[in-house]
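Structure at a glance
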Amino acid sequence: MKILVINAGSSSLKYQLIDMENETLLAKGLCERIGIDGHLKHSPLVGGKPVFNEDLPMPTHAEAIAAVIDKLTSAEYGVVASMKEIDAVGHRVVHGGEKFACSVKIDDAVMAALDECTPFAPLHNPANITGINACKAVMGDVPMVAVFDTAFHQTMPSKAYMYAVPYEYYENDGVRRYGFHGTSHRYVSSRCAELMGKPIEELKIISCHLGNGSSLAAIKNGKCVDTSMGFTPLVGLPMGTRCGDLDPGVMQYLMAKYDMDIDKMLNILNKKSGVQGISGISSDFRDLEKGATEGNERAKLALEMFSYWVAKVAGSYAAAMNGVDAIIFTAGVGENGPDTRKAVLDYLAFLGIEVDAAANAKRGEDIMISTADSKVKAFVIPTNEELVIARDTAEIVG
Ligand code: AMP
């Protein structure tokens with residue numbers, strides 16, 4: 001079975017074609033500047049075919065999907081003979097609200113429910129829905145599945161997902177913690193159980209997805225019991241450009257003082273804050289590490305704040321689960337930042353974690369970075385959200 005995985009943004013669309021027989025990645029690519037002019041980078045990964053990397057007109061997502069199908073099936077760049085070989089499409093959808101606690105086959109009722117979730121993710125869900133509609137237009141009745149960033153977190157107990165605001169805002173308006181990065185937390189936690197040779201139902205895991213956006217999840221017996229992002233992905237840890245947790249009073253104070261409206265304030269908290277805002281240099285940890293090495297105090301502070309927050313939230317999750325067996329690092333910083341990992345794990349040494357310095361310096365697949373006799377194990381596990389989407393799609397349509 002061959003599955004096309006689609007991650008549609010407002011002006012971009014990422015894709016992978018995966019052969020589920022042995023989970024081989026056949027091709028991947030990215031459409032950019034959809035609705036502006038259009039550019040496609042298509043990389044076939046089998047059969048020695050060349051990369052296609054050129055401008056192509058893409059007035060809408062439908063032309064983008066058509067271009068993707070054209071390249072996947074073309075003699076020069078293709079990896080399948082025709083569209084008929086694509087058995088199903090798996091779509092990443094950001095927000096499933098409380099309606100979706102797992103992946104679902106897309107039908108008219110699901111499309112209507114996705115629309116209802118749009119107010120929770122006004123920038124992301126419409127793009128995901130556009131991607132689904134474009135696929136339907138180009139691919140006809142090929143079965144499609146929606147896989148939600150929020151679904152994995154639906155197992156949280158109410159004490160973890162409720163905000164202490166008047167209860168009717170939850171009942172009437174759906175105001176609660178939803179959490180994001182669920183597909184990633186789910187993938188790395190199940191891989192961690194495999195690596196530990198134990199059923200996930202017997203493990204307490206803290207998963208640290210540290211990238212441009214960052215979140216932690218507490219996963220007890222295979223179920224998420226808490227996570228650091230909330231109603232939106234703005235809260236929790238300080239991130240690349242997002243502020244993380246903030247006293248709402250700060251907003252009121254700054255908005256009044258600088259005569260800012262809420263959109264301007266939120267733009268600052270989403271795009272100009274986090275380690276970028278603190279350092280004044282960059283949101284990229286490579287730049288911050290270079291800056292800190294060269295004596296830039298604010299770059300150093302940004303890095304210190306980040307690892308402090310990861311450790312502080314992880315410590316609270318050890319309390320929430322009454323213990324922890326393993327800590328996982330994944331995503332851009334988690335997979336590539338040994339200094340950040342070490343700083344976080346040093347804070348958590350009291351839990352019985354001992355870092356293996358040589359292992360922590362390695363790069364590559366699935367590495368245990370704690371010593372063999374460390375009470376709590378630590379791992380670097382590269383995330384693979386597309387594979388989870390493809391697996392769910394294959395299982396649901398298969
Ligand atoms: P992601 O959102 O998962 O794609 O992560 C992107 C972030 O990972 C970048 O903004 C960098 O801060 C970080 N990153 C990527 N490569 C490295 C590296 N070699 N060392 C430190 N941080 C890295």
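In the block above lies the structure referred to throughout.
So, here's what we can say about the structure.

What counts and what doesn't
Residues numbered from 1 in each chain as written. Predicted model: local features only at pLDDT ≥ 70, side-chain atom pairs only at ≥ 80, totals over all residues. Heavy atoms only, no water. Phe/Tyr/Trp six-rings, centres within 6.5 Å; stacked < 30°, edge-to-face > 60°. Helix = DSSP H or I, 4+ residues; strand = E, 2+ residues; numbered from the N terminus. Buried < 20%, exposed > 50% of the residue type's maximum accessible area, 1.4 Å probe, protein only. Lys NZ or Arg CZ within 6 Å of the ring centre and 35° of its normal. Arc of directions from axis to C-beta. Contact = heavy atoms within 4.5 Å. Pairing = 2+ DSSP bridges. Axes fitted to C-alpha atoms, helices over the stretch in contact; angles between N-to-C directions. Polar contact = N/O pair within 3.5 Å; in protein donor to acceptor, adjacent residues only side chain to side chain. Near = heavy atom within 4 Å. Areas by Shrake-Rupley, 256 points an atom, 1.4 Å probe, with all protein chains shown as cover.

With that out of the way, let us pick up the packing of aromatic side chains. All told, the structure shown has nine aromatic pairs when counted by the stated rule. Where F100 meets F148, the ring centres are 4.4 Å apart and the plane angle is 10 degrees; that geometry is what we call stacked. Taken together, the residues span a long stretch of sequence, with F100 in the loop between β6 (88-93) and β7 (104-105) and F148 in strand β8 (residues 144-148) at a distance of 48 residues. Across the pair, exposure class does not vary: F100 and F148 are buried alike. Taking 5.8 Å as the distance between ring centres and 65 degrees as the angle between the ring planes, the aromatic pair formed by Y308 and Y347 counts as edge-to-face. Here Y308, found in helix α11 (residues 297-320), pairs with Y347, found in helix α13 (residues 338-347); they are 39 residues apart in sequence, far enough to count as distant. You can call Y347 partly exposed: its relative accessible area is 41%. Here the aromatic cluster, defined as three or more aromatic residues joined through ring pairs, consists of F120, Y178 and F231. The cationic tip of K71 hangs over the ring face of F52; the distance from NZ or CZ to the ring centre is 4.4 Å. Looking at R176, its charged tip hangs above the ring of Y161, at a distance of 3.6 Å from the centre.

Bringing α13 into the picture now. Turning to α13, its buried residues number three or more, namely T340, R341, V344 and L345. For α13, the angular spread of the buried residues around the axis is 125 degrees, confining them to a single face. Its buried side turned inward, α13 meets α10 (285-293), α11, β12 (326-330), α12 (331-336), α14 (357-361) and β14 (377-380).

Looking now at the sheet that holds β6. Ordered in space as β5-β4-β3-β2-β1-β6-β8-β7, the eight strands form an open sheet in which the pairing is mixed. This sheet does not close on itself; its edge strands, each paired only once, are β5 (52-55) and β7. Relative to strand β4 (residues 39-44), strand β3 (residues 24-32) runs antiparallel, the two being bridged by six bridges. Each bridged residue has a counterpart across the sheet, and for K28 the counterpart in β4 is S43. Sitting on the sheet, helix α1 (residues 61-73) touches β1 (2-8), β2 (13-19), β3, β4 and β5, and the angle it makes with β2 is about 35 degrees.

This next bit is on the environment of V51. Within the secondary structure layout, V51 lies in the loop between β4 and β5. In this structure V51 comes out as partly exposed when scored by relative accessible area, which is 47%. Linking V51 and G280, residues 229 residues apart in sequence, is a C-alpha distance of 37 Å. Not counting chain neighbours up to four residues away, the residues in contact with V51 comprise K41, H42, S43, P44 and Y77.

Turning next to unusual backbone geometry. Phi at R33 is positive, roughly 60 degrees, even though this residue is not glycine. Structurally, R33 is set in the loop between β3 and β4. For A331, which is not a glycine, the phi torsion comes out positive at approximately 75 degrees. Summarising the element assignment, A331 is placed in helix α12.

Let us look at the side chain of S228. Along the chain, the position of S228 falls in the loop between β11 (223-227) and α7 (248-257). Given a relative accessible area of 6%, S228 falls into the buried group. In terms of polar contacts, S228 uses its side chain to reach the backbone amide nitrogen of L216, at 2.9 Å. S228 has contacts with R177, S214, S215, L216, V235, G236, L237, V313 and Y317, leaving out every residue within four places of it along the chain.

If you check the shell around the ligand, you find G211, N212, S283, D284, F285, R286, A331, G332, V333, N336 and R363 and nothing else. At 2.7 Å from an oxygen atom of the ligand is found a main-chain nitrogen or oxygen belonging to F285. V333 is positioned such that a nitrogen or oxygen atom in its backbone is 3.4 Å from an oxygen atom of the ligand. For the ligand, the protein covers 72% of the area, taking 500 Å² as the surface of the free molecule.

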